[in-house]
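# Coordinates in review
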Amino acid sequence: MLLFCCSRKKPREGERERMEGIPEDKAEFDEAEIEYVSYGGEHHLPLIMNLVDQELSEPYSIFTYRYFVYLWPQLSFLAFHKGKCVGTVVCKMGEHRNTFRGYIAMLVVIKPYRGRRIATELVTRSIRMMMESGCEEVTLEVTNKGALALYGRLGFIRAKRLFHYYLNGVDAFRLKLLFPPPPPCQEL
Amino acid sequence: MADNAVSEGASMDGHPLKLASIPATDSTVWTDASPLLQAACTGLRDGELIHGDNFNLFAAMSALEIMDPKMDSGIVRTYYSIDEAIEHGAAPIPISLDSTIDVQCTIDIMDHLLACEAAWHKGHSLAQTVFSCIYLLRLDRTAPHALLHSYCRIIRATCKAVVSVASNARTHEEEDLFTMTYGLPLNGDGDDKCLSILNAVEDTISRQLRACKAASLKRRLPEDLEPLQSNPNLEEGFCKALLCRLCFRKHFFHILACMKRPQGRGLESARKHISSCMTELESIQKSAYFIRSCFGESCEGDIDDKTTASGREPIGFDAMLNSRLSALMPPRTIKILSWKKAVEYFVKLLHDLDVICSYSLDPHLESLLRFVVQFQKSQPDLVARSHLQLLLVQDGKLYGRDPLFSVITKAAALLEATKNHDIQKNESILQLGMLVMNLLKILCTNAAWQRRKLGKFLQDWHVIYVQLELALRNEFGEVSSRSSNDENVCMKIFQHILLWVEEQTYWITFRFLILGFELELYSTSEYCMVYWYLYAVLIKLAEKTQLKMAVSYDTAKRKGKKKKDSPKDLARESRIPPAVTFLQCCIFLAEGLTMMLAALRNEISLFQSPGPFNTEQEKFAQHFELLQRACIPDHFSYPSYKESTTHARFSTLAMYNYFKDAQRIAKEVKSSFSNDPERLAELQKLEHVAEHNSAAQDLICRLGALDPSLKVSFELSHHPFFATVVAKRS
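Quick caveat: nothing in here was measured; it's all calculated off a predicted structure. (Residues numbered from 1 in each chain as written. Chains lettered and ligands numbered in written order. Predicted model: local features only at pLDDT ≥ 70, side-chain atom pairs only at ≥ 80, totals over all residues. Heavy atoms only, no water.)

Our focus in this paragraph is the nonpolar core. Residues Ile 104 and Tyr 151 of chain A together with Ile 497 and Phe 722 of chain B are the most contacted members of the largest nonpolar core, which totals 281 residues. Discounting residues that sit within four places of it in the chain, Ile 497 of chain B has contacts with Phe 405, Ile 408, Ala 412, Leu 414, Ile 429, Leu 432 and Leu 468 of chain B. (Core = buried A, V, L, I, M, F, W, Y, C linked by side-chain atoms within 4.5 Å. Buried < 20%, exposed > 50% of the residue type's maximum accessible area, 1.4 Å probe, protein only. Contact = heavy atoms within 4.5 Å.)

Here you go:
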């Protein structure tokens, strides 16, 4: 995630762990058992915060989460399995250089639940909402191969390589998804 | 009063407040804000935020949680100031009263500083690396310790020189942390004498080394010298370990000074110092065995991640002291390079600098561009790239020597005398000179930034072409027999330059596209469109290159004395220049890959990736947006891409094997580049790829549609941007 108000150079190291690797203790479940819920209010905030804090080493204050979920609650989704929150996606959208653009800020699925398309489903719901809201494109930054594959399947291209984007010297890719232009209105 | 910042008083819950170690000043005073914060907490409900004109949710993201060790840079520190650290003995002078331990610790400090310096070069801030050294932060107090003092002084002078080079080269974006020196004591009185100070210390240690060697041979030297340290068995080893470290610094400083000399005048001297530096680095590496063993420590054991040759922690460093001067807030703990990796870094840096210093300062732009592209293949770091950029562009001239108009006329294959023509004062020609200068600067940056900049740069080249074309039409209109000689000459110059601008634009486009492979920006499902675009650009590049060469030959012939063409001249005229043949080989490879990928997609849906939100057309638009905007090439669009590839089938592939043609051309043109080892190596790779792909195509055409177990992949294993097709049964 790009913290706009902090230095451009991102010190975070833990993000790579989010999407990579085969979970050591895999949870047994049917994909139909996963319930996807749109952000519903303050009661969801601690769930999102705990998930992200657990999986990432980047310290986000509560205000960071509030910025996203207060201004764009319709773009954040949570995944539950039997009442337990196992994944979340947090996004925003807005005008950027004459383009109305969506931005995927955080995407987390806990380790035992990875590899079962939960992340794909979460992101797909957000992107669909962005498209319906009039976004022309969606963007985010990633480093790891798992994330590149996930977003590649959804139609993102690697628009830029960001040299030494993270403090540990790791490069990042800026991914972008361009929506097709809306069909012209047809006169009856 | 200022020292006791907060007198003991009661806090809200009755416990006495701790004395703060950050003193109040004349304009600040400490006060207990606990009651205010408590009232604010009571007044706000969950989910509410204090809101103001200049404080909103976005601004609130900058909030730091006090006492969170990840966010609060003040919480995780040993000392709050340099003086406090020194007072508590963090950087003692002398380091030890035992002279042997003192020397050992000095070597550790030198090694750790080298590791810090390498970490800084690699992208961390100076504040958290080299200037984490307390001795460096208070250099004057090291004066009684000649060895440490001379080393720290030359390090400081070296850092200043390197910052200056990088600043002048104007590093960009991700690399601009490098030049941040705010608040650091980088300028020191007397640093201009750092070499003579170092030489004096080097001289003393050299004499100490001679003395201990003489003593071992039971000879007496005329002078009575105090030994370096107290253990005679270790004297020689320590002297040698110190000497190579001091000499490395001396020669490195000389390299920077020589390379700074204008117009490349110091390059030959720099090469000598580079060679000496390499020798000293080898000695430094060899000294590690002695240093590890001198106290009976085992020489095995894992010291790979340690920042000193001895494997011990150095005295006198605290990275958090300067945390407020770090560019990043909150500052993070960074990992200093290991000593081993630091030495490897400097070996590579010296090698890269040597390549720069060996360059012949060729006035031909085409050769220079090939040199820079070749140099970038070794992925040189910022320091080397900054030096290259400053060598190439100085005072608005190439190498500070050749006016840009003269460079352009040479590149456009105009006659030598053209460089003095008044046309150089034309506004568009002046702008073209600036573009050439900017192109050279861009080509010296890191690949990621370079590609972004080249893409945007294409618009500038397109605009200049349009301007020059307009200028040509407006000023000269139709050439008639009544036009003066000078008008004819001007027109010819414009025409040559226009042709060259087109060629150069396609070269930049080609570079933009192939950098995408190096930066891993294309997924395999996008290779088809990329190779198609590459094919289109290469055709144009070959066309313009051949035209330029033909026009230049024609011009040279008309200026020559021969009135009739000899058979040899005629043969030369009709022969395709080797540079163009080289491009033809690439064209065949690009075409072959495009068609194979298209056939695989059309026949067995391989590498098709229909996403739920967009189509291939959107991906095409995104990848080639900048090129399309600059009309490069003209009339090449998504519909023409679809038209070219929709009908590709295994049966059409079987009819014509582009890879066989590429292979044949690569073999034939090799002899033309017998004096160019880089081109020969490139041709070897192209031939390799062509041969593999030809065989793979034959297999796929025979079995592709029939054998579902056939797996096809495209790997950049033999060439950086032409993929090798791998077809095997799973």
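We are not done yet, so read on.
Since the α-helix advances by 3.6 residues per turn, residues separated by three or four positions end up pointing in the same direction. With ten of eleven residues buried, helix H12 (residues 382-392) of chain B is to be regarded as a mostly interior element. Every buried residue of H12 of chain B is listed here: Leu 382, Val 383, Ala 384, Arg 385, Ser 386, His 387, Leu 388, Gln 389, Leu 391 and Leu 392 of chain B. (Helix = DSSP H or I, 4+ residues; strand = E, 2+ residues; numbered from the N terminus.)

For the rest of this paragraph, the subject is the packing of helix H8 (residues 232-260) of chain B against helix H9 (residues 267-293) of chain B. Residue and element names in this part refer to chain B. One can describe the packing of H8 onto H9 by two numbers: an axis separation of 8 Å at closest approach and a directional angle of 155°. Relative to H9, the element H8 lies roughly antiparallel. Between H8 and H9 lies a crossing whose hand is left-handed. Looking at the contact of H8 with H9 residue by residue, the classes come out as 17 nonpolar, eight polar and two charged. (Axes fitted to C-alpha atoms, helices over the stretch in contact; angles between N-to-C directions. Parallel < 35°, antiparallel > 145°, perpendicular 65-115°, else oblique. Left-handed = near helix turned anticlockwise from the far one by under 90°. Nonpolar A, V, L, I, M, F, W, Y, C, P; charged D, E, K, R; others polar.)

This next bit is on the sheet that holds strand S2 (residues 397-398) of chain B. All names here are of chain B. Reading across the sheet, the three strands line up as S1-S2-S3 and stay open at both edges, with antiparallel pairing between neighbours. Sheet topology places strand S1 (393-394) and strand S3 (402-403) at the edges, where each strand pairs with a single neighbour. Pairing analysis gives two bridges linking S1 to S2, with the strands arranged antiparallel. Bridge pairing in S2 links Gln 394 to Lys 397. (Pairing = 2+ DSSP bridges.)

Counted according to the given criterion, the structure contains 37 aromatic pairs over all chains. Judged by centre distance (6.2 Å) and plane angle (15°), the rings of Phe 371 of chain B and Phe 375 of chain B are stacked. Placement of both Phe 371 of chain B and Phe 375 of chain B in helix H11 (residues 365-376) is noted, with a separation of four residues, approximately one turn of the helix. Residue classification places Phe 371 of chain B among the buried positions, given a relative accessible area of 15%. The interplanar angle of 85° and the centroid separation of 5.9 Å between the aromatic rings of Trp 532 of chain B and Tyr 533 of chain B together place this pair among those described as edge-to-face. Like Trp 532 of chain B, the residue Tyr 533 of chain B is buried in the burial classification. Among the aromatic residues, those joined into a ring-pair cluster are Phe 510, Phe 517, Tyr 522, Tyr 527, Tyr 531, Phe 721 and Phe 722 of chain B. For Arg 116 of chain A, the ring lying beneath its charged end belongs to Phe 29 of chain A, and the centroid distance is 4.3 Å. When the ring centre of Phe 512 of chain B is taken as reference, the NZ or CZ atom of Arg 451 of chain B above it lies at 3.9 Å. (Phe/Tyr/Trp six-rings, centres within 6.5 Å; stacked < 30°, edge-to-face > 60°. Lys NZ or Arg CZ within 6 Å of the ring centre and 35° of its normal.)

Next up on the list: unusual backbone geometry. With omega at -5°, the peptide bond leading from Ile 93 of chain B into Pro 94 of chain B counts as cis. The topology assignment puts Pro 94 of chain B in the loop between helix H3 (82-87) and helix H4 (99-121). The linkage connecting Ile 632 of chain B with the following residue, Pro 633 of chain B, adopts the cis geometry, with an omega of -15°. Within the secondary structure, Pro 633 of chain B sits in the loop between helix H21 (625-629) and helix H22 (638-645). Within the chain, His 164 of chain A stands out as a residue other than glycine whose phi angle is a positive 50°. Position of His 164 of chain A among the secondary structure elements: in the loop between strand S6 (157-162) and strand S7 (172-178). In this structure, Leu 361 of chain B is a non-glycine residue whose phi angle is positive, near 55°. Looking at where Leu 361 of chain B falls in the secondary structure, it is placed in the loop between helix H10 (339-358) and H11.

To continue, consider the sheet that holds strand S2 (residues 77-81) of chain A. Residues and elements named next belong to chain A. The sheet built from seven strands is open, its strands ordered S1-S2-S3-S4-S5-S7-S6 with mixed pairing. Where the open sheet ends on each side, the last strands, each with one partner, are strand S1 (34-38) and S6. On average, each strand axis in the sheet is inclined to that of its neighbour by 25°, with strand direction left out of account. Of the pairings in the sheet, the one linking S2 to strand S3 (residues 84-96) comprises five bridges and is antiparallel in character. Residue pairing in the sheet places Phe 80 in a bridge with Cys 85 of S3.

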